[in-house]
Amino acid sequence: MQAKKRYLILLSAGACLVLLFYLGGVTLPAASRSRHDRSRHGYRPDQPWPHFSDPLHLFLPLDQTDTEEYNLHISPRQKRDVNTSVYKGKRCRMDSCFDFSQCQKSGFKVYVYPQQKGEKISESYQIILSTIEGSRFYTSDPGQACLFILSLDTLDRDQLSPQYVHNLKTKVQNLPLWNDGRNHLIFNLYSGTWPDYTEDLGFDIGQAMLAKASISTENFRPHFDVSIPLFSKDHLRTGGERGFLKYNTIPPFRKYMLVFKGKRYLTGIGSDTRNALHHVHNAEDVVLLTTCKHGKDWQKHKDARCDKDNAEYDK
């Protein structure tokens, strides 16, 4: 009985092998033709990765857009807007989205768009513009410019913020020198809205470079974008006191080794990190202050530490 079973198994395996060999043999000519066609159209075995002739070809990382966490709070319309504003110039690099001939006329000159009447501008963005206008690279002639800076305030793109500039998409597209953002540099500190904080700026940056704080590694374009730190409106433009840190000065001469003051997200992205800061806080040389007062309904998510944290923050 056992011998009969083994015989049936061997017979079945042999039949499968014959079938596979037959099917593979039938498709071999088609595969050969495919290789012939590819070689005729410039395909080389030493170039396995395809060459994309269009540097601005739309690229959507599936691992980000198809996750449950990403789809939890984002509507289909918002998702389309994010894809449009963030990923359209995903493949941009200096050799594909920057016109170096602009810089050969008068060297590296930076043009700042004239401020439009009635447009609000934050103190922080005004500092950036004033610093550029006071530098030796500034030019008031756009014909001599190698780089262009918007006068429209793009620093805070959180729709809940009072600094948020509305209708920015239309305003940017109507700029006569915009040229799909080529040779433009856009500054941004905050983007998206709680609790998701997507990197949607609310308008298509096109081929513009992005100087952004907290930019994700998925969206950062190497040798094209610039990663900058968050800074407050009180940050010094230039100068200031000489630094106290010297070689091997441990502990440092300054009283505080580490200081942080900001909002403590009770839910959403970043909440775990901010909630953990109180473990490091010692109120002496490490001072980490957070407030729960974030968003209109923060009291609904209020925890046992909020009253104490808010009082320390206000003090």
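Residues numbered from 1 in each chain as written. Predicted model: local features only at pLDDT ≥ 70, side-chain atom pairs only at ≥ 80, totals over all residues. Heavy atoms only, no water.

Novice: Looking at this structure, how should I read the overall build of the protein chain?
Specialist: What the protein chain contains, in helices and strands, is 10 helices and 9 strands. Considering the protein chain as a whole, with its 315 residues, one finds that 33% of them fall into the buried category. Within the protein chain, contacts between residues at least 6 apart in sequence are counted, and of these 69% link residues at least 24 apart. Summing over all exposed atoms, the protein chain offers an accessible surface of approximately 21,400 Å²; the carbon and sulfur share of this is 57%. (Helix = DSSP H or I, 4+ residues; strand = E, 2+ residues; numbered from the N terminus. Buried < 20%, exposed > 50% of the residue type's maximum accessible area, 1.4 Å probe, protein only. Contact = heavy atoms within 4.5 Å. Areas by Shrake-Rupley, 256 points an atom, 1.4 Å probe, with all protein chains shown as cover.)

Novice: Is there a simple way to think about the state of the cysteines in this case?
Specialist: Covalently bonding the sulfur atom of one cysteine to the sulfur atom of another cysteine gives a disulfide. Evaluation of the coordinates by the stated rule reveals 3 disulfides. In this model, cysteine 103 is linked to cysteine 146 through a disulfide, with the two sulfur atoms separated by 1.8 Å. Residues cysteine 103 and cysteine 146 are joined through a disulfide that is right-handed, its torsion about the S-S bond being 50°. Linking cysteine 103 in helix H6 (residues 103-106) with cysteine 146 in the loop between helix H7 (123-133) and strand S2 (147-149), this pair joins segments that are 43 residues apart in sequence. Note that cysteine 292 is cross-linked by a disulfide to cysteine 306, the S-S spacing being 2.2 Å. (Disulfide = S-S within 2.5 Å.)

Novice: Is there a simple way to explain the pattern of salt bridges in this structure?
Specialist: Once their charged atoms are close, side chains differing in charge can pair, the charge on each being opposite to the other. Counted under the stated rule, the structure contains 8 salt bridges. Taking the shortest distance from any N to any O, the salt bridge between lysine 171 and glutamate 119 comes out at 2.8 Å. With a gap of 52 residues between them, lysine 171 in helix H8 (residues 168-173) and glutamate 119 in the loop between strand S1 (110-112) and H7 connect regions that are remote in the sequence. On the basis of relative accessibility, which here comes to 24%, the residue lysine 171 falls in the partly exposed class. Put simply, aspartate 307 and lysine 302 hold a salt bridge, and the shortest N to O gap is 2.9 Å. Residue classification places lysine 302 among the partly exposed positions, given a relative accessible area of 39%. Ionic contacts of the salt-bridge type, sharing partners, join the residues Arg264, Asp303, Arg305 and Asp309 into one network. (Salt bridge = Lys/Arg side-chain N within 4 Å of Asp/Glu carboxyl O.)

Novice: Could you clarify how one ought to interpret the nonpolar core in this entry?
Specialist: Where a protein is soluble and globular, its nonpolar side chains tend to be buried together. With 40 residues, the main nonpolar core has Tyr125, Ile149, Leu150, Ile186 and Phe187 as its most contacted residues. Where this core is concerned, the elements lending two or more residues are S1, H7, S2, H8, strand S4 (184-188) and strand S6 (209-212). Leucine 150 has contacts with Tyr113, Tyr125, Leu129, Val172, Leu175, Trp178, His184 and Ile186, leaving out every residue within four places of it along the chain. (Core = buried A, V, L, I, M, F, W, Y, C linked by side-chain atoms within 4.5 Å.)

Novice: Where do I start with the side chain of aspartate 225 in this structure?
Specialist: Topologically, aspartate 225 is positioned in the loop between S6 and strand S7 (226-227). You can call aspartate 225 buried: its relative accessible area is 7%. From its side chain, aspartate 225 meets the backbone nitrogen of leucine 210 in a polar contact 3.0 Å long. One polar contact links aspartate 225 to arginine 221, side chain to side chain, over a distance of 2.7 Å. With residues near it in sequence (within four places) discarded, aspartate 225 still touches Met209, Leu210, Ile215, Asn219 and Phe220. (Polar contact = N/O pair within 3.5 Å; in protein donor to acceptor, adjacent residues only side chain to side chain.)

Novice: Explain helix H10 (residues 306-314) to me, please; I cannot follow it from the model alone.
Specialist: Residues spaced three or four apart along an α-helix point in a common direction, a consequence of the helix completing one turn every 3.6 residues. Regarding H10, the residues found buried are Cys306, Asp309 and Asn310. Down the axis of H10, the buried set is contained in an arc of 100°. They therefore lie on one face. Contacts from the buried residues of H10 go to strand S9 (286-291). (Arc of directions from axis to C-beta.)

Novice: What exactly am I supposed to notice about the environment of leucine 152 here?
Specialist: Secondary-structure assignment places leucine 152 in the loop between S2 and strand S3 (156-157). Through-space distance from the C-alpha of leucine 152 to that of tyrosine 125 is 9.0 Å; in sequence the pair is 27 residues apart. Setting aside its immediate chain neighbours within four residues, leucine 152 contacts Gln116, Glu119, Tyr125, Leu168, Lys171, Val172 and Leu175.

Novice: Looking at this structure, how should I read the sheet that holds S2?
Specialist: The strands making up a sheet are joined through hydrogen bonds of the backbone, oriented either antiparallel or parallel. Reading across the sheet, the 5 strands line up as S1-S2-S4-S6-S7 and stay open at both edges, with parallel pairing between neighbours. Two strands close off the open sheet at either side, each with one partner strand: S1 and S7. Note: S1 against S2, 3 bridges, orientation parallel. Looking at S2, one finds that valine 110 is bridged to leucine 147. Packed on one face of the sheet, H7 meets S1, S2 and S4 and runs near 135° to S1. (Pairing = 2+ DSSP bridges. Axes fitted to C-alpha atoms, helices over the stretch in contact; angles between N-to-C directions.)

Novice: Please clarify how the packing of aromatic side chains should be interpreted in this entry.
Specialist: The relative placement of two aromatic rings is captured by the distance of their centres and the angle of their planes. The tally for this structure, following the rule as stated, stands at 4 aromatic pairs. Judged by centre distance (5.6 Å) and plane angle (75°), the ring pair of phenylalanine 108 and phenylalanine 137 falls under edge-to-face. Residue phenylalanine 108 is located in the loop between H6 and S1, and its partner phenylalanine 137 is located in the loop between H7 and S2; the two are separated by 29 residues in the primary sequence. By relative accessible area, which is 31% here, phenylalanine 137 ends up partly exposed. Lying over the aromatic face of tyrosine 313, lysine 261 brings its terminal NZ or CZ to 4.7 Å of the ring centre. (Phe/Tyr/Trp six-rings, centres within 6.5 Å; stacked < 30°, edge-to-face > 60°. Lys NZ or Arg CZ within 6 Å of the ring centre and 35° of its normal.)

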